[in-house]
Amino acid sequence: MYGRDPWGGPLEIHAADSATDDDRSRNLNDFDKAALSRPLDETQQSWLLGPGEQKKKKYVDLGCIIVSRKIFVWTVGTILAAAFLTGLIVLIIKTVPRHHHPEPPPDNYTQALHKALMFFNAQRSGPLPKHNNVSWRGNSGMKDGLSDDAANKNLVGGYYDAGDAIKFNFPQSFAMTMLSWSVIEYSHKYEAVGELNHVKEIIKWGTDYLLKTFNNSADTIDKIAAQVGAGDTSGGSTTPNDHYCWTRPEDIDYPRPVYECHACSDLAAEMSAALASASIVFKDNKSYSKKLVHGAATLFKFARDQRGRYSAGSAEAATFYNSTSYWDEFLWGGAWMYYATGNSSYLALATARGLAKHAGAFWGGPNYGVFSWENKLTGAQVLLSRLRLFLSPGYPYEDMLSTFHNQTSIIMCSYLPVFTSFNRTKGGLIQLNHGAPQPLQYVVNAAFLATLYADYLEAADTPGWYCGPNFYSTKVLRDFAKTQVNYILGKNPRKMSYVVGFGHKYPKHVHHRGASIPKNRVRYNCKGGWKWRDTHKPDPNILVGAMVGGPDKHDGFRDVRTNYNYTEPTLAGNAGLVSVLIALSGEGKPSTPLIDKNTIFTAVPPMFPTPPPPPAPWKP
């Protein structure tokens, strides 16, 4: 019997195969026993036994490395736990309210600085900007120069000098130079207290006006507008002018003459210093800086070509801001011209021994070491000592630079209380003007130079200087400056601040027309304002930041409007005050650099000292 094999072959069925189930079972058992007597290969075992229980691998293959499974599990678990803990901590820090420690209040010098700069806003002439922030001031002097026969027809702008409405270019230029010097040295401090843009705007207001006072586009000029307004009341003159009348600048209706000079070396050299120093301040504004440098060069050339004192030919100038010499302005202006241009001819002039001799560098005298709008020698000596300390140009300049450096050291010694070059009041105020009225303008200038020189020394890694055989640290100079400024700010026998608006007790009757007359829509004529001059009532307008003339040599002070020696502020005085306040500000902040060592040298080429000439050949 045949059956069909499903694989295609015949399937033969024998009779013997038709056995009972028991027979088949028995035969199978015999087969199984025989089969099991042989060892099974792996495939057979898996087919017969099916999927068995597999052991867990002890290692984990990460592709590039094989690690123990236990270590892998612990590592992953630790990372996840750390991530969870970190997230929890961050969540807590973000959600839990924190107590912010407030910034420490500004020091007294910084607070006074904010106010001292506001004085210049109150002194502006011309069309005031909207952000001037002096509510009782308005546009004034809008016809200055326009109705005069002078060649310079537009003299609108600039600053009023003091409590009057006269624009004296000589002290105004000095004030701008001082402010520019302070910005060049301490721009980082101005920026830290938020006043850098403000002080630069103040300087530009002044330099824009100075550029109007001469033909700034020319290379050669023959005259300068030296003054706008008049104040001479000698001989009982009753002609209306800026001193005879007591009128708000906004209400002036009398003529304001323009005074020109044709031989005024002192004025021209000081104006040159103002424009040259400002060109460094505005070095990032290349077109304006270049304009300032050109104007400064034109003025300095005029100063050298047309010799003469500006006050010699003007009774007005001689009465109020008399200049005794122009040699110190040559020295001062030459130094600033060198820094602004890098032209070595200016440095050669500033280090000429003959010029220094004419300027009084070798003969001393009662005003030696007194820095002011009239005497620039001390400032020039410090300014040129800076060049030696940081660049050391060597021959042929070293001889005079080392002399100026030594003279500066002597002047700094004269400021110290242990020496008797200058008297002091019982309250400790140094008498640089030998007991004459209005001492504070000289004090702040000396305090600025002392602080600046101390910063120069430290920036040059020099801990101090010698006064004879004795060595003094730079801290002594800063202490001198602090005691003098602290006196001005209220630490004096009268417990009075001489800066208006600073402290609890300050002058309330300032000799200042704009501050003393209320802005009440009433136009007071020349004599009509006298009642505000003579009243005992406090000023209706606070002249914030004005440093008044100051106390007498006995620490006495009378807060009366009619005595200008006590209560009148000036541009030059406030410029010195601003300069020393920024120099002293930020005390106790070690991260603040002392000075900006390099900006003043922006235009100065690299120094390659010229070797001295060889000695003459030996002759037997």
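Fair warning: this is a prediction, and the values are worked out from it, not measured in the lab.

Asks: How should I be thinking about the overall build of the chain in this particular structure?
Replies: Assigned secondary structure in the chain consists of 20 helices and nine strands. When the 620 residues of the chain are sorted by exposure, 51% land in the buried category. Long-range pairs, those at least 24 residues apart, make up 73% of the contacts in the chain with a sequence separation of at least 6. Carbon together with sulfur atoms contributes 57% to the accessible area of the chain, which is approximately 31000 Å² in total.

Asks: Sorry, what's going on with the packing of helix α13 (residues 377-390) against helix α14 (residues 398-415) here?
Replies: The angle between the axes and the distance between the axes are what describe a pair of packed helices. Two elements in contact, α13 and α14, have axes separated by 8 Å at closest approach and are oriented at 125 degrees. Here α13 lies oblique to α14, going by the angle between them. Of the two elements, α13 crosses α14, and the hand of that crossing is left-handed. Of the residues in α14, those touching α13 at T378, Q381, V382, L384, S385, L387, R388 and L389 are E398, L401, S402, F404, H405, Q407, T408, I411, M412 and Y415. In terms of residue class, the contact of α13 with α14 is made up of nine nonpolar, seven polar and two charged.

Asks: Even after reading the chapter, I still don't get the packing of aromatic side chains, so can you show me in this structure?
Replies: Each aromatic ring pair is summarised here by two numbers: the centre-to-centre distance and the angle between the ring planes. Applying the stated rule across the entire model yields 32 aromatic pairs. Residues F170 and Y310 carry aromatic rings whose centres are separated by 4.9 Å and whose planes lie at 45 degrees to one another, so their mutual orientation is tilted. One end of the pair, F170, is in helix α5 (residues 169-192); the other, Y310, is in the loop between α8 (286-305) and α9 (315-320), with 140 residues separating them in the sequence. The exposure classification of F170 matches that of Y310, with both residues buried. On the numbers, 5.4 Å between centres and 15 degrees between planes, the contact of Y415 with F480 is stacked. Of this pair, Y415 sits in helix α14 while F480 sits in helix α16 (residues 474-488), and the two are 65 residues apart along the sequence. Accessibility classification places Y415 together with F480 in one group, the buried group. Ring pairing ties together the aromatic residues F174, W181, W332, W336, Y338, Y339, F371, F448 and F601, which thus form one cluster. Just above the ring of F330 sits the side chain of R304; from NZ or CZ to the centre is 5.1 Å. The ring of W530 carries the charged tip of R533 above its face, separated from the ring centre by 4.8 Å.

Asks: Just checking my understanding: could you explain the side chain of S279 for this structure?
Replies: Along the chain, S279 turns up in helix α7 (residues 265-281). Aside from chain neighbours lying at most four places away, what touches S279 is S289, L292, V293 and A340.

Asks: Can you walk me through the confidence of the model for the chain in this structure?
Replies: Interpreting fine coordinate detail is not advised for predicted regions of low pLDDT. Counting all residues, the mean pLDDT for the chain is 89, and 86% of those residues have values of 70 or more. Note on residues 1-38: pLDDT is under 50 here. Beyond four places in sequence and across chains, it has twelve contacts. Confidence drops under a pLDDT of 50 for residues 40-54, and excluding neighbours within four residues, the segment shows four contacts in the predicted structure.

Asks: Where do I start with the sheet that holds strand β7 (residues 258-261) in this structure?
Replies: As a general point, the strands of a sheet are linked pairwise by backbone hydrogen bonds and lie either parallel or antiparallel. One open sheet holds the three strands; their spatial order is β5-β6-β7, and the pairing between them is antiparallel. Taken across any chain shown, the strands that pair with only one partner, and hence form the sheet edges, are β5 (167-168) and β7. In this structure, strand β6 (residues 224-228) lies alongside β7, joined through four bridges in antiparallel fashion. Of the residues in β7, the one forming a bridge with V228 is V258.

Asks: What should I look at first to understand the layout of surface pockets in this one?
Replies: Here the largest pocket defines a volume of roughly 700 Å³. If you trace the largest pocket, you find 28 residues lining it, with F320, Y321, Q438, Y564 and E568 closest to the centre. For the lining of the largest pocket, the secondary structure elements donating two or more residues are α9, α15 (440-459) and α18 (530-534). Element by element, the count of residues in the lining of the largest pocket is highest for α9, at three residues. Within the lining of the largest pocket, the residues separate by chemical class into 15 nonpolar, eight polar and five charged.

Asks: Would you take a moment to explain α13 for this structure?
Replies: Between its terminal C-alpha atoms α13 stretches 21 Å, which fits the 20 Å expected from 14 residues at 1.5 Å a residue. Among the 14 residues in α13, 13 count as buried, and that is most of the element. Of the residues trailing α13, S392 is marked for its positive phi of about 45 degrees.

Asks: So what exactly am I meant to see when it comes to the environment of S237 here?
Replies: Mapped onto the elements of the fold, S237 is located in the loop between β6 and β7. Polar side-chain contacts of S237 include one of 3.3 Å to the backbone nitrogen of T239.

Asks: Even after reading the chapter, I still don't get the nonpolar core, so can you show me in this structure?
Replies: The nonpolar side chains of a soluble globular protein tend to be buried with one another. Counting residues in hydrophobic clusters, the biggest one holds 162 residues, and the most contacted among them are W181, I224, W336, Y339 and Y415. Non-local contacts of Y415, meaning those with residues more than four positions away in its chain, are made with G369, T378, R424, I430, L432, A446, L449, A450 and F480. Core analysis: the next-biggest nonpolar cluster, separate from the first, contains seven residues, A165, C245, I252 and C526 among them.

Asks: Would you mind showing me how to read the pattern of salt bridges here?
Replies: Note on pairing: side chains with opposite charge can pair once their charged atoms come close. Applying the stated criterion across every chain, the model contains 21 salt bridges. Residues R478 and E458 are paired through a salt bridge, measuring 2.9 Å at the closest nitrogen-oxygen approach. Here R478, found in helix α16, pairs with E458, found in helix α15; they are 20 residues apart in sequence, far enough to count as distant. Overall, the relative accessible area of 12% leaves R478 in the buried class. Ionic pairing is found between D534 and R533, a salt bridge with its closest N-O pair at 2.9 Å. When its relative accessible area of 40% is taken as the criterion, D534 is described as partly exposed.

About the cut-offs
Residues numbered from 1 in each chain as written. Predicted model: local features only at pLDDT ≥ 70, side-chain atom pairs only at ≥ 80, totals over all residues. Heavy atoms only, no water. Helix = DSSP H or I, 4+ residues; strand = E, 2+ residues; numbered from the N terminus. Buried < 20%, exposed > 50% of the residue type's maximum accessible area, 1.4 Å probe, protein only. Contact = heavy atoms within 4.5 Å. Areas by Shrake-Rupley, 256 points an atom, 1.4 Å probe, with all protein chains shown as cover. Axes fitted to C-alpha atoms, helices over the stretch in contact; angles between N-to-C directions. Parallel < 35°, antiparallel > 145°, perpendicular 65-115°, else oblique. Left-handed = near helix turned anticlockwise from the far one by under 90°. Nonpolar A, V, L, I, M, F, W, Y, C, P; charged D, E, K, R; others polar. Phe/Tyr/Trp six-rings, centres within 6.5 Å; stacked < 30°, edge-to-face > 60°. Lys NZ or Arg CZ within 6 Å of the ring centre and 35° of its normal. pLDDT = per-residue confidence, 0-100. Pairing = 2+ DSSP bridges. 1 Å grid on protein atoms, 1.4 Å probe; cavity = no way out; pocket = protein on both sides within 12 Å on 5 of 7 lines; lining within 4 Å. Points joined across faces, edges and corners; volume = space filled by probe spheres on them. Expected span 1.5 Å × (residues − 1). Polar contact = N/O pair within 3.5 Å; in protein donor to acceptor, adjacent residues only side chain to side chain. Core = buried A, V, L, I, M, F, W, Y, C linked by side-chain atoms within 4.5 Å. Salt bridge = Lys/Arg side-chain N within 4 Å of Asp/Glu carboxyl O.

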